[in-house]
Amino acid sequence: MPDIAMTAAKSRIFHELDFDKPGKQIGYLRVPQSRDGGAWSTIEVPIAIVNGSKGPAVLFTGGVHGDEYEGQIAVSRLAHRLDPQSVRGKLILMPAVDLPAALAGRRMCPIDGRDFNRCLPGDPRGSFCQMLAHFIDTMLLPQVEISVDVHAAGNAMEAALSTTMHWVNDPQVVQRTKALAEHFAAPYNVMFWGVDEGGTMASAAEARGVLAISSEIGGYGRVSVEGVRVAERGLDNVLKWLGMIEGKPDTSQRDGTPGTRHMQVRDQTSYVFAPTDGLFEPLHLAGAQVRAGELAGYLHFVEDWSRPPIPIEFRTDGTIWMAPGSGRVRKGDVVGVVMQPFLGN
Ligand SMILES: [Zn+2]
């Protein structure tokens, strides 16, 4: 039996992996989780390490949210199919970061009720998500130059297939991150302003000088056929771009455009909110072109015949990035997000 390597002095997570050993290791991070009937129980979070010849190092993650499936499939398949003999550099692959949420098909972790993507940089003495976030931040991110965290829009929405990136103050970092997104080559790349969205993988990566993109490729709580294709091709493209596997990135798009389109969510008018609780009927699919004043949908009140449906309008022109489809919404829920072409450099 291999030696059990205790990881960072402060982390309570243990494993039997050697991050520098040549070849492929598929194993688990064991996160202590005492419970009734299991005093020394652990939650085994899957992780793979592929070490080829000397080269770049990347971290690919899926399942940070459990109701987003495309990244779980793409990262898991990549771990199985990569042959370390034909890889340059190091890959760290985690297909289901928030494993309890992935098994439950939920956004929030059922163990501690947290959104994993708000827990970075984490806490070694904290809850399941906080412990794991701390491990990723202190043990995995310092080993890599690039992080790709594959998300989709979850149960509530569907996204026009896109990567996302932060707009940071360093122009060189922006250009390199744009190049990373262009080589992943989703149909769209959406820019955000502001680094700290509250503890995300991308902001933790950026804080450690790691180039980071995320994605929104799917949604409505199901597996998007096109989302899986874009995710798998995107991860392969990044590896080809970095020279980690053989081949040239394929950045072509189904509609004939030569590559990803850089977009932005300009301001608060891009968001459409539900004015009250109700049943939302959307009128458009993600990717549709809309104008300010055009109807986004209707809010219905099936429990109260006296209330006619409320029409809800878009507030700005653009392309629908996030389209809702979950049915019941609450006052203040987002029922649509519109993006516009990126106007910067
Ligand atoms: Zn997500």
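Here we summarise the structure given alongside this text. (Residues numbered from 1 in each chain as written. Predicted model: local features only at pLDDT ≥ 70, side-chain atom pairs only at ≥ 80, totals over all residues. Heavy atoms only, no water.)

If you walk across this open sheet you meet the four strands as β17-β16-β14-β19, and the pairing is antiparallel. Of all the strands in the sheet, the pair left with one neighbour each is β17 (310–313) and β19 (328–329). With four bridges connecting them, strand β14 (residues 278–282) and strand β16 (residues 295–300) associate as antiparallel partners. Note on β16: the bridge partner recorded for L279 is H300. (Pairing = 2+ DSSP bridges. Helix = DSSP H or I, 4+ residues; strand = E, 2+ residues; numbered from the N terminus.)

Ideal geometry at a metal gives 109.5 degrees between four tetrahedral donors and either 90 or 180 degrees between six octahedral ones. Protein coordination at the zinc ion: the donors are H65 (ND1), E68 (OE), E68 (OE) and H151 (ND1), at 2.0 to 2.3 Å from the metal. Classification of the site at the zinc ion as irregular follows from its four donor atoms and the range of 58 to 149° in their angles at the metal. Of note, the donors binding the zinc ion are all from one chain and are spaced H-x2-E-x82-H. Taken together, the positions of H65 in the loop between β5 (53–61) and α1 (70–81) and H151 in the loop between β7 (146–149) and β8 (157–159) put the pair 86 residues apart, joining distant regions of the chain. As far as burial versus exposure is concerned, H65 and H151 are alike and both buried. (Donors = N, O, S within 2.8 Å, 3.2 Å for Na, K, Ca; no water. Tetrahedral: all angles 85-135°; square planar, octahedral: opposite > 155°, others 65-115°. Buried < 20%, exposed > 50% of the residue type's maximum accessible area, 1.4 Å probe, protein only.)

Moving on: unusual backbone geometry. In this model, L120 is joined to P121 through a cis peptide bond whose omega is 0°. Residue placement: P121 occurs in the loop between α2 (99–104) and α3 (128–140). Positive phi outside glycine occurs at A185, with the angle close to 65°. Relative to the helices and strands, A185 is located in the loop between α4 (171–184) and β10 (188–193). Of note in the backbone geometry, Y220 takes a positive phi value of approximately 55° without being a glycine. The topology assignment puts Y220 in the loop between β11 (211–216) and α6 (225–241).

Turning our attention to the nonpolar core. Judged by nonpolar contacts, the single largest core of 38 residues is most densely connected at L29, V45, F116, L132, I136 and L140. Listing elements by their share of this core, those giving two or more residues are β3 (23–32), β4 (42–51), β5, β6 (88–94), α2, α3 and α5 (201–207). Counting residues per element, this core draws most heavily on α3, which supplies eight residues. Apart from residues no more than four positions distant in its own chain, L29 is found in contact with I13, F14, H15, L17, I43, E44, V45, I47, M94, L132 and F135. By size, the runner-up hydrophobic cluster in this structure holds 35 residues, among which are L82, L91, L161 and V168. (Core = buried A, V, L, I, M, F, W, Y, C linked by side-chain atoms within 4.5 Å. Contact = heavy atoms within 4.5 Å.)

Moving on to the environment of G325. The topology assignment puts G325 in the loop between β18 (318–324) and β19. According to the relative accessible area criterion, G325 is partly exposed, its value standing at 43%. Taking the C-alpha atoms as reference points, G325 and A39, 286 residues apart in sequence, are found 42 Å from one another.

A few words on the environment of T257. Position of T257 relative to the elements: it lies in the loop between α6 and β12 (261–264). In this structure T257 comes out as partly exposed when scored by relative accessible area, which is 23%. Between the C-alpha atom of T257 and that of M131, which follows or precedes it by 126 residues, the distance is 43 Å. A distance of 2.7 Å separates the side chain of T257 from the side chain of D255, its partner in a polar contact. (Polar contact = N/O pair within 3.5 Å; in protein donor to acceptor, adjacent residues only side chain to side chain.)

Two measures define how a pair of helices packs: the angle their axes make with one another and the distance between the axes. The contact between α4 and α6 brings their axes to 7 Å, and the two run at 125°. Comparing the axis directions of α4 and α6 gives the class oblique. For the pair formed by α4 and α6, the contact residues are R176, A179, L180, H183 and F184 on the first element and V230, A231, G234, L235, N237, V238 and W241 on the second. Classifying every residue of the contact of α4 with α6 by side-chain character gives eight nonpolar, three polar and one charged. (Axes fitted to C-alpha atoms, helices over the stretch in contact; angles between N-to-C directions. Parallel < 35°, antiparallel > 145°, perpendicular 65-115°, else oblique. Nonpolar A, V, L, I, M, F, W, Y, C, P; charged D, E, K, R; others polar.)

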